[in-house]
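Here is what each chain is made of, one letter per residue.
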Amino acid sequence: AVRNFTLNFTITNLQFTADLAMPNSKKFKSTEKVMYHYVDPLLQKSSIGPAYIGCKVIAFSASFPRSKKDRDDTGVDAICSYRDVPSDPKFNRVIVYHELSNMTNGITKLGHYSLNSQSLYING
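- The protein carries the name MUC16 protein in an unreviewed UniProt entry, which gives Sagittarius serpentarius as its organism.

In structure tokens:
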């Protein structure tokens, strides 16, 4: 069986613009590609790695309430999939959270992006 989990985090140095809210826009598609480039290898290296199928960005969002301090913040919401078969590792969101935290320097770095260290959320 294929199972999903959600992955949410906030990038603090990617300014949210209206075109990031439109899944068919060039900006959405190019930013989504960059997310895959950074997120995919991390999940492949995690404990879920052998069962990991992939992630799809479902939304980029502005952080609310808006303030001067966080106008460069953009939320990322993704749905990730993995195979749930007896021979594959069991998905444990707490373990995957800690692995991603370690691989992102304490939830602060994702490639050339900076992350809000309080923003990582995994549910599944």
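There's plenty left to go through after this.
1. So, the sheet that holds strand β6 (residues 121-123)
Across a sheet, strands are paired by hydrogen bonds formed along the backbone, either parallel or antiparallel in direction.
Consideration 1: Taking strand neighbours across the sheet as the criterion, the four strands line up as β2-β3-β1-β6 in an open arrangement whose pairing is antiparallel. The sheet is open, and its two edges are formed by β2 (52-62) and β6, each paired on a single side. Direction aside, neighbouring strands of the sheet carry axes that sit 20° apart on average.
Consideration 2: Here helix α1 (residues 26-45) sits on the sheet in contact with β1 (2-11), β2 and β3 (74-83), set at roughly 135° to β2.
Consideration 3: Where helix α2 (residues 93-103) meets the sheet, its contacts fall on β1 and β6, and the angle it forms with β6 comes to roughly 155°.

Each value, and the rule that gives it
Once a new chain begins, its residue numbering starts again from 1 and follows that chain's sequence as written. Totals for whole chains, interfaces and linings use all residues, but because this is a predicted model, local features are given only for residues with pLDDT of at least 70 and pairs of side-chain atoms are given and counted only at 80 or more. Computation of side-chain values covers all heavy atoms of the structure but excludes hydrogens and water. For two strands to count as paired, DSSP must find a minimum of two bridges between them. For helices the rule is a DSSP run of H or I covering at least 4 residues; for strands it is a run of E covering at least 2, with both sets numbered from the N terminus onward. Between N-to-C directions, angles cover 0 to 180 degrees, with each direction set by a line fitted to C-alpha atoms, over the stretch in contact for helices. What makes two residues a contact is simply this: any of their non-hydrogen atoms within 4.5 Å.

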